[in-house]
Amino acid sequence: MRDNTHTGPLPAPNRSAPALRALDDALLHAADAFDQAEGSDLHTRRRTATDLFRTAFGAGGREYGIRVALCFGASVAVAQALHQARWYGLHEHWYWLPATAVFLVKPDLGPLASRALSRAAGTVLGALVFAGFAAVLPRPEGLVALVALSGALIPVATRHFAAQTAVVTVLVLSLVMVGGEPQASASRIGETLLACAIVLIVGHLPMPGKRGGGVRARLAAAGGAAHDYLVHVLNESDDRAERWTLRREAYRTLAEARGAIAVSAAELPALARHTEGTDEVAAVLERLVDTTTACAVHLDDTGHLTPRHIQQLTDLLEEFERGRGRLGLRAIELPIAV
């Protein structure tokens, strides 16, 4: 994978333990998929129209939609007021303010306070760097070269949001100055700082219903995927391809829930307290999925499960149920046939 080359001949493993044989099978399957350029088969997602609808209109989707609407409405109102007052030149590009606010409210950019501060710092740094270059570079040749340099630095700057913002700010201001508007730096700084303030205020406003809907939605999706995987294994199905798909989906949704929980825990206390306890529930769910995988390995090796496996799953389900109720997550039940 590092060299992007074919795997070549692989040794035929000879293992006695079921878990080691399952590991060898998984490695050989991955190597074969990579060698045949069929890696997309490893990423099959079981997403239906109903799942997408629930994602958009569930608790997490509603909370995000309300925040976007509030940020957009407040930023447009402020931008129009500044446009009417023609204050500090912010009227020239009034649309920058709502565009920046809507972009900043995206939850996949890290904790709210961190992304707002990184955006503000990156914009100020980028504007200062641009002002320094603009004072010494010839026009328009120097500005065109600055645009090319900024474009080349974008892939490197993606390692940190503030660095990415600084590079994009230099790029945008260079393009604007090439277009004949030399006073855009102060305008961009002012609008970014206003957008950061609006997003921070709206992000901490109380919302109807339970807060932390995005984290609960991710955790509920992980619980649903674990349920489907568990039922498939307990029914002792012979469809191994289906079992592998369910296993990948269970671990993928669990990783997404873990990521959302980590971001929420890094928020300011006013926001972080709304998702307290979700990390413990995710830990139990992770042990449940791992135990289900161990049962699946035994099922692949022998064709049936033992009472010990059923008891292990039952104990973990009881532990999961103790933390599930207060978070409002979907219950995971054993199939009646077992």
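Structure report, in brief. Starting afresh in each chain, residues are numbered from 1 along the sequence in its written order. Local features in this predicted model are restricted to residues of pLDDT 70 or higher, and side-chain atom pairs are both shown and tallied only at a pLDDT of 80 or more, whereas totals for entire chains, interfaces and linings draw on every residue. Excluded from the side-chain calculations are hydrogens and water; all other atoms, namely the structure's heavy atoms, are used.

What about the overall build of the protein?
As a reminder of what qualifies: By the criteria applied, helices consist of DSSP H or I runs no shorter than four residues and strands consist of E runs no shorter than two, each listed in order from the N terminus. Exposed residues in this analysis have more than 50% of their type's maximum accessible area, buried residues have under 20%, and partly exposed residues fall in between, with area computed by a 1.4 Å probe over protein chains only. By definition in these notes, contact holds between two residues if any of their heavy atoms fall within 4.5 Å. Here, Shrake-Rupley sampling with a 1.4 Å probe gives the accessible areas, and only protein chains in the shown set may cover a residue.
When helices and strands are counted, the protein shows 13 helices and zero strands. Each helix and strand of the protein, ordered N terminal to C terminal, gives the series α-α-α-α-α-α-α-α-α-α-α-α-α. For the protein, with 338 residues in total, the buried portion stands at 39%. Contacts in the protein between residues far apart in sequence, at least 24 positions, make up 75% of those at least 6 positions apart. Accessible surface for the protein amounts to roughly 18500 Å². Of this, 62% is attributable to carbon and sulfur atoms.

Observations concerning the side chain of Arg247
For Arg247, the position within the fold is in helix α10 (residues 240–265). Ignoring sequence-local partners within four residues, the contact set of Arg247 consists of Tyr229, Thr293, Ala296 and Asp300.

Notes on the packing of aromatic side chains
Put simply, the test is: Ring pairs are drawn from Phe, Tyr and Trp, using the six-membered ring of Trp, whenever the two centres fall within 6.5 Å, and their geometry is named by plane angle: stacked under 30 degrees, edge-to-face over 60, tilted for the rest.
Scanning the entire structure with this criterion turns up two aromatic pairs. Considering the side-chain rings of Tyr95 and Trp96, the 6.5 Å spacing of their centres and the 80° angle between planes classify their relative orientation as edge-to-face. When its relative accessible area of 42% is taken as the criterion, Tyr95 is described as partly exposed. Of the residues examined, Trp96 reaches a relative accessible area of 11% and is grouped as buried.

Remarks on helix α12 (residues 278–302)
Note the cut-off: In a helix, the anticipated span is given by 1.5 Å times the number of residues less one.
In a regular helix each residue adds 1.5 Å, so 25 residues correspond to 36 Å; α12 covers 36 Å between its end C-alpha atoms and thus fits that length. Gly303 sits one or two residues past α12 and shows a positive phi near 90°.

Details of the nonpolar core
The nonpolar side chains of a soluble globular protein tend to be buried with one another. Stated formally: We define a nonpolar core as any set of buried Ala, Val, Leu, Ile, Met, Phe, Trp, Tyr and Cys residues linked to one another through side-chain atoms lying within 4.5 Å.
Leu219, Tyr229, Val233, Leu285, Leu288, Leu305 and Leu313 are the most contacted members of the largest nonpolar core, which totals 29 residues. Contributing elements (two or more residues each) for this core: α9 (213–234), α10, α12 and α13 (307–324). Val105, Leu112, Ile198 and Leu271 belong to the second largest nonpolar core, which has 17 residues in total.

A short note on the side chain of Ser264
Considering the arrangement of structural elements, one finds Ser264 in helix α10. Classification of Ser264 as buried rests on a relative accessible area of 9%. Those residues in contact with Ser264 that sit more than four places away from it in its chain are Val215, Ala272 and Thr275.

Side note on the environment of Arg188
Examined against the element boundaries, Arg188 turns out to sit in helix α8 (residues 184–203). The exposure class of Arg188 is buried, given its relative accessible area of 10%. Separated by 94 residues in the primary sequence, Arg188 and Trp94 place their C-alpha atoms 9.8 Å from one another. Once residues within four sequence positions are removed from consideration, Arg188 is found in contact with Trp96, Thr100, Arg119, Thr123 and Leu173.

Focus on the packing of α9 against α10
Filter applied, for reference: Lines are fitted to the C-alpha atoms to define the axes, a helix being fitted only along its stretch in contact, and any angle between axes, read from their N-to-C directions, falls within 0 to 180 degrees. Here the angle decides the label: under 35 degrees means roughly parallel, over 145 means roughly antiparallel, 65 to 115 means roughly perpendicular, and every other value means oblique. Left-handed describes a crossing whose near helix is turned anticlockwise from the far helix by less than a right angle; the clockwise case is right-handed.
Interhelical geometry of α9 versus α10 gives an angle of 160° and a closest axis separation of 8 Å. Here α9 lies roughly antiparallel to α10, going by the angle between them. Considering the relative orientation of α9 and α10, their crossing is left-handed.

Quick look at the pattern of salt bridges
Quick note on the threshold: Here, a salt bridge means any Lys or Arg side-chain nitrogen found within 4 Å of an Asp or Glu carboxyl oxygen.
Across all of its chains, the model carries three salt bridges by this definition. Glu249 is the partner of Arg252 in a salt bridge, and the nearest nitrogen-oxygen pair spans 2.9 Å. In this pair, Arg252 and Glu249 both sit in helix α10, three residues apart, roughly one turn of the helix. Taking the shortest distance from any N to any O, the salt bridge between Glu286 and Arg258 comes out at 2.8 Å. Linking Glu286 in helix α12 with Arg258 in helix α10, this pair joins segments that are 28 residues apart in sequence.

Considerations on unusual backbone geometry
Not every positive phi belongs to a glycine, and Glu236 is a case in point at roughly 55°. Tracing the chain through its elements places Glu236 in the loop between α9 and α10.

Examining a nonpolar patch on the surface
Operational definition: Think of a patch as exposed residues, more than 30% relative accessible area, with no salt bridge, where like charges cluster within 9 Å and nonpolar side chains (Val, Leu, Ile, Met, Phe, Trp, Tyr) cluster within 5 Å.
Together, Ile66, Leu70, Ile201 and Leu205 make up a nonpolar patch on the protein surface, roughly 320 Å² of accessible area in all. Its place among the elements puts Ile201 in helix α8.

Things to note about the packing of α9 against α12
We apply this condition: Note on residue classes: Ala, Val, Leu, Ile, Met, Phe, Trp, Tyr, Cys and Pro are nonpolar, Asp, Glu, Lys and Arg are charged, and everything else, Gly too, is polar.
It is the contact of α9 with α12, at a shortest axis distance of 10 Å, that shows an interaxial angle of 20°. When the axes of α9 and α12 are compared, the pair comes out roughly parallel. Viewed along their axes, α9 and α12 form a crossing whose handedness is left-handed. Of the residues in α12, those in contact with Val215, Leu219, Ala222, Gly223, Ala226, Tyr229, Leu230 and Val233 of α9 are Thr278, Val281, Ala282, Leu285, Val289, Thr292, Thr293, Cys295, Ala296 and Leu299. Here the contact of α9 with α12 is composed, by residue class, of 14 nonpolar, four polar and no charged.

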